[in-house]
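For reference, the chains in residue letters:
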Amino acid sequence: MNIRNALLVLLIFSVKPTFLAAQVYFTKNGSVSFFSKTILENITATNNETISILNSQTGEIQFSLLNNGFHFPKAKMEEDFNEDYMESEKYPRSTFKGIISDINKIDFNNDGTWAVTVTGDLQIHGITKTISVPGKISIINGKINAAATFTVPIKDYNIKIPSIVSNKISEKITISVNCLYQKK
Amino acid sequence: MQRKSKRKIVVFVALLVALSAFVGYGIWNKPHRDVRNATPVKVNAATLYKILSGKNSSDKSNFNNKVLSVSGTVKQVLENHLRQQVILLKTDIEEGAVNCTMEEKFENVKAGDSVLIKGICIGYNAGDLDLPGDVFLIRCYHAD
């Protein structure tokens, strides 16, 4: 009896939990862009090397990108962004870890679009703030897409803009996220 | 004499202003790094991944933010949100890759091909949840 129970336990724990792994989706080429609008200048930059992981069962969602992957139309802007504003050598990554609060309403097995709220910790320039933003989860031809657009005050993240260019950079930056996932 | 001196000063200041404007314009409009013609650091994909994903940081500066020429076997060919081609090169880690966003499309490339890709290495990045990260290269070209 004891040996039978022991073998049963061994069998249960040796079975790979593929049903759990099937709930996790990821991308390593998600898109995050930001936009600054002022009277004098509009600045935009995009990072297409964003890692994102989504757990469709728990609603956990995370994003991580390397700051020096943001591409600006002007090389000088890119240089200033990395060296002076983001200090990318000191703070190489920006991350977000949070939860999609209404994950259970999403039917991941059928195509459709759902408005969601995502709450979590956004870390930029070594500063972490809890944010709550609206987003959208779309299932198109069986593929999951997550998108969100929200604004962030740059002073909240201790990003200092020299006064000589402060009228060219908005106090609030618009961040846009767009990720298409594959199953882990 | 005084008039001549004043004129000289005005001309000198005007030249200085013009020079500053010229230099400033040049700096503001300086081009992005030339990847195509740069002399790259040569490395294979598996070695690059091992070094940049490892905990020992001493060798990383040889590759981070440098133009590299990476040799490897194509694992997968994808497209990103902007419809740019992304080529993943195999490493010794099943779910880890050298992730190359192509500036120009690498024609007729497919999984299993041996390739040489040149680009700027921005580093290694990973998420949580047991998923190995990738080494990322941007502004990549097919190197001969």
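Residues numbered from 1 in each chain as written. Chains lettered and ligands numbered in written order. Predicted model: local features only at pLDDT ≥ 70, side-chain atom pairs only at ≥ 80, totals over all residues.

**A few points about the domain arrangement of chain B**
Thinking step 1. The domain architecture assigned to chain B consists of domain 1 (1-30) and domain 2 (41-142).
Thinking step 2. In this structure, domain 1 of chain B and domain 2 of chain B have C-alpha centres spaced 48 Å apart. (Domains from an automatic or database assignment.)

**Quick look at helix α2 (residues 45-53) of chain B**
In an α-helix there are 3.6 residues to a turn, and that puts residues three or four apart on one side.
Thinking step 1. Taken as a whole, α2 of chain B has its buried residues at Ala45, Leu48, Tyr49 and Leu52 of chain B. Across the axial projection of α2 of chain B, the buried residues extend over an arc of 95°, all falling on one side. (Buried ≥ 20, exposed ≤ 12 C-beta atoms within 10 Å, placed from the backbone. Helix = DSSP H or I, 4+ residues; strand = E, 2+ residues; numbered from the N terminus. Arc of directions from axis to C-beta.)

**A closer look at the confidence of the model for chain B**
Thinking step 1. When pLDDT is averaged across chain B, the result is 92; 99% of the residues are at 70 or more.
Thinking step 2. At the level of chain-chain contacts, confidence expressed as ipTM amounts to 0.85, with global pTM at 0.86. (pLDDT = per-residue confidence, 0-100.)

**Side note on the interface of chain A and chain B**
Thinking step 1. Counting from both sides, the interface comprises 20 residues of chain A and, opposite them, 26 residues of chain B.
Thinking step 2. If you list the elements that add at least two residues to the side of chain A that touches chain B, you get β1 (24-37), β2 (42-55), β3 (60-66) and α3 (75-85) of chain A.
Thinking step 3. Grouping the amino acids of the side of chain A that touches chain B by side-chain chemistry returns 7 nonpolar, 8 polar and 5 charged. (Contact = placed C-beta atoms within 7 Å. Nonpolar A, V, L, I, M, F, W, Y, C, P; charged D, E, K, R; others polar.)

**Notes on the environment of Met86 of chain A**
All names here are of chain A.
Thinking step 1. Note on placement: Met86 falls in the loop between α3 and β4 (93-100).
Thinking step 2. Taking the C-alpha atoms as reference, Met86 lies 20 Å from Gln62; in sequence the two are 24 residues apart.
Thinking step 3. If sequence neighbours within four positions are ignored, Met86 has contacts with Asn67, Phe81, Tyr91, His125 and Ile159.

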